[in-house]
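# Secondary and tertiary structure notes
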Amino acid sequence: MRWRRRIATWAPWGMLYGFCGLMLLFLVAPIVIVLLVSFADAEFVYFPPPGFTLRWYAHLGRMEGLVPSFLLSLRLALLVSALALLLGTTASLALVRYTFPGRQWLNTFLMSPLIFPPIITGIALLQFCSTLGIRATFFTLLVGHTLITIPYVVRNVTASLQGLRSNVEEAARLLGANPWQTFWHITLPLIKPGLVAGGIFAFITSFDNYTISMWLKSAEDTPLPMRIFFYIERVMDPSVAAVSGVMIVFSIVLVIVTEKVVGLSRAMNV
Amino acid sequence: MQRAYAAKASGASEAEFPLRARRGSVRWPGPPYVWLLIPAVLVLLVFFVLPLLTMIRYSLYTHVAGGMMQPVLTFDNFQHFFQQELYRRVLAKTLLNALITTLLALLLGYPVAYVIARGHPLVSRILLIAVISPLLVGIVIRSYGWLVLLNRQGLVNQALQALGVITSPVRLTGNDVGVIISLLHVFYPFMVLPLASVLQKIERPLEEAAMVLGANRLQVFYRVILPLSIPGIAAGSLVVFLLAAGSFVTPRLIGKNLTKWLLGLVEEQVLTVFNWPFGAAMAVIFIAVVLLLVAVYGRLLESKFAFVLKGKAS
């Protein structure tokens, strides 16, 4: 009798866990396969590989335009996250710390770039720039990317600010700190998780972006996702997988950093 | 009038911060929130709202051969879109595929979200990392992973053949099946994360109460957990639908120009055909249709599930 009840309790969980195992496989499969293929000792991508080698990684430095694209994307993503943090945090402070007419509406407005598919935002920006005679440069890329990353910062920083009890700030003011000191020494350290999460989201969104860059990039500059896209369509050997492998390791490092600094579940608002 | 308004609003903020140390701080004219908001709002107005308005204006122009356009105001582009069967079909196909992706994500995401919210802490943590990890690996690379997995000699075809499900390799790239599979993978976290966060907030005593009152597990799920998780379902499915309908990279890479989704056609018009007015019109139609669907969906949810959504309004 007792074991029957036990089975009745655990059977649903067993089934659930089994299902989760399958989904886990589904989630990691494309990432694992890319890593495996990147070590394949073959001229074409197929599975299972006949042997393993590191030569595709050694080949990376010789891939046309790879390093400049990587540096461009890195520079762009860093600048974009800094800008988005600056614009997003100031706006979040206004939205959370003050009450004024139209606050809810402004919040929706600041989040609106998320609703539009980036490809459409990109086309609109392209047509806007061409009307004004603005040529595609690094600056246009910077503007386009900042635009779509502001919402991530606003979302994370407002969440952090709302969780912060303003009496801590009042205490600082009582003790004689001016508003700037209060912000720098009290508010800023307390909303750090939101800033880190927002900054990382902004960085990833920019670093990974294809659909905005596609319209706004100049002829000389090709951001990394566009470069990889180009390789995927034209290069048949596993060198593309090696490029991807490096990027995946890069992401894993980012996951670990996020986990260490703010905790993943907090960063994802779970 | 405007001034009086601002004074009132800043009065409210004074009340929140009773002690405003003016010493050492520069007094800027007007309430501080205006200065805090100006940079972000200005960037969005100039580089988001104005461009969208420009695009809407372009959609009313006509195209002249050679990539030029004529600034006349006409609805010809819109008429052309709905008259051509091809465009109507692609629009319907895009929306239908986005819907399929959303439903699959919901069905496959709910159990995982439940385990993240209620399962063993270690399992929950591993699952959370696994769910989030695709988000951090770029979309181009994830699509490449699926391209490798789904091609004729790929692991999926090999596995299906080994299991005896199919006798000869089936085509999984260059068609919508492959695109939906990879979109599901790409957007899965956007369904699971809101679901998990809502499920976590459902209080256990509620379930226990239902059990004590004689409900079995299935009944507890259908009568208590499922209705209470509707805000999560609503949020997750909305985001996944929007993202799937608006996707471009995955349909392009996995679909290999053999199956075009609507935004692929838009890109073609702008970049290859150089018919900017028609491309703009297609983009406008796409946004209008999607916004309309979202509005209808919101209304539907509100009328049917007002009792659970009420708390979420704030």
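Just so you know, the residues in each chain are numbered from 1, in the order the chain's sequence is written. For naming, the first written chain is A and the first written ligand is 1, with later ones following in the order written. Given that this is a predicted model, residues contribute local features only at a pLDDT of at least 70 and side-chain atom pairs are listed and counted only at 80 or more, while totals for whole chains, interfaces and linings are drawn from all residues.

## Details of the overall build of chain A
The way it works is that DSSP assigns letters per residue, a run of H or I at least four long becomes a helix, a run of E at least two long becomes a strand, and they are numbered from the N terminus. Counting secondary structure elements, chain A contains 13 helices and zero strands. Sequence-ordered secondary structure for chain A, helices as α and strands as β, is α-α-α-α-α-α-α-α-α-α-α-α-α. The C-alpha atoms of chain A give 24 Å as radius of gyration, which overshoots the globular expectation for 270 residues (18 Å, by more than 25%). The dimensions of chain A, computed from C-alpha atoms along their principal axes, are 80 × 70 × 30 Å. Within chain A, buried positions represent 46% of all 270 residues. In this description, any two residues whose backbone-derived C-beta atoms lie within 7 Å of each other are considered to be in contact. Long-range pairs, those at least 24 residues apart, make up 76% of the contacts in chain A between residues at least 6 apart in sequence. When we talk radius of gyration, it's over C-alpha atoms, and the globule rule is simply 2.2 Å times the number of residues to the 0.38. Between the buried cut of 20 or more and the exposed cut of 12 or fewer other C-beta atoms within 10 Å of a residue's own C-beta lies the partly exposed class, and all C-beta atoms are placed from the backbone.

## What about the interface of chain B and chain A?
Contact residues are listed per partner, giving 75 residues for chain B and 76 residues for chain A. No other element matches helix H2 (residues 32-58) of chain B, which puts 15 residues into the side of chain B that touches chain A.

## A word on the confidence of the model for chain B
Residues and elements named next belong to chain B. Mean pLDDT for chain B: 84, with 88% of residues reaching 70 or above. Confidence of the predictor at the level of single residues is given by pLDDT, which spans 0 to 100. The model gives residues 1-23 a pLDDT under 50, and that stretch makes 21 contacts with residues more than four places away or in other chains. Taken over the whole predicted complex, pTM reads 0.85, whereas the ipTM for its chain interfaces reads 0.85.

## Comments concerning the nonpolar core
Note on definitions: a nonpolar core is a set of buried residues drawn from Ala, Val, Leu, Ile, Met, Phe, Trp, Tyr and Cys, linked by C-beta atoms within 7 Å. A:Ile123, B:Ala113, B:Phe187 and B:Val192 are the most contacted members of the largest nonpolar core, which totals 153 residues. Discounting residues that sit within four places of it in the chain, B:Ala113 has contacts with B:Val192, B:Leu195, B:Ala196 and B:Leu199.

## A short note on unusual backbone geometry
Peptide bonds are mostly trans, and most non-glycine residues show a negative phi. Even without glycine at this site, B:Phe274 takes up a positive phi of about 60°. Here B:Phe274 shows up in the loop between helix H13 (262-272) and helix H14 (276-309).

## Considering the environment of A:Ala136
All names here are of chain A. Relative to the helices and strands, Ala136 resides in the loop between helix H5 (118-132) and helix H6 (138-163). Between the alpha carbons of Ala136 and Asp221 there is a distance of 9.7 Å; along the sequence they are 85 residues apart. If we ignore the near neighbours within four places in the chain, the residues touching Ala136 are Leu216, Lys217 and Ser218.

## Considering the environment of B:Met55
Checked against the element boundaries, B:Met55 lands in helix H2. Among residues more than four places away in sequence, those in contact with B:Met55 are A:Ile123, A:Ala124, A:Gln127, B:Ala280, B:Ala283 and B:Val284.

## Here's the deal with the confidence of the model for chain A
Caution applies to low-pLDDT regions: their predicted coordinates should not be interpreted in detail. Here chain A shows a mean pLDDT of 87. Residues at 70 or above account for 96%. Per-residue pLDDT, averaged within each element of chain A, yields its smallest value for helix H13 (residues 264-267) of chain A (63) and its largest for helix H3 (residues 66-97) of chain A (94).

## Points about the packing of helix H9 (residues 204-212) of chain B against helix H10 (residues 217-228) of chain B
Residues and elements named next belong to chain B. With axes taken as lines fitted to C-alpha atoms, and helix axes fitted only over the stretch in contact, angles between N-to-C directions fall between 0 and 180 degrees. It is at 10 Å that the axes of H9 and H10 come closest, and there the two elements cross at 135°. As the angle between them shows, H9 and H10 are arranged oblique. Helix-helix and strand crossings are classified by hand; for H9 and H10 the assignment is right-handed. Here Leu206, Glu207, Ala210 and Met211 of H9 lie close against H10, whose contacting residues are Val220, Arg223 and Val224. The scheme is simple: roughly parallel for angles under 35 degrees, roughly antiparallel for over 145, roughly perpendicular for 65 to 115, oblique for anything else. Crossings are classed by handedness, with left-handed meaning an anticlockwise turn of the near helix from the far one by less than a right angle and right-handed meaning a clockwise turn.

## Some remarks on H13(B)
Within the span of H13(B), buried status applies to B:Leu262, B:Leu263, B:Leu265, B:Val266, B:Glu267, B:Gln269 and B:Val270. Backbone geometry just after H13(B) places B:Phe274 at a positive phi near 60°.

## Observations regarding the environment of A:Leu175
Position of A:Leu175 among the secondary structure elements: in the loop between helix H7 (166-174) and helix H8 (179-190). Taking the C-alpha atoms as reference points, A:Leu175 and A:Cys129, 46 residues apart in sequence, are found 51 Å from one another.

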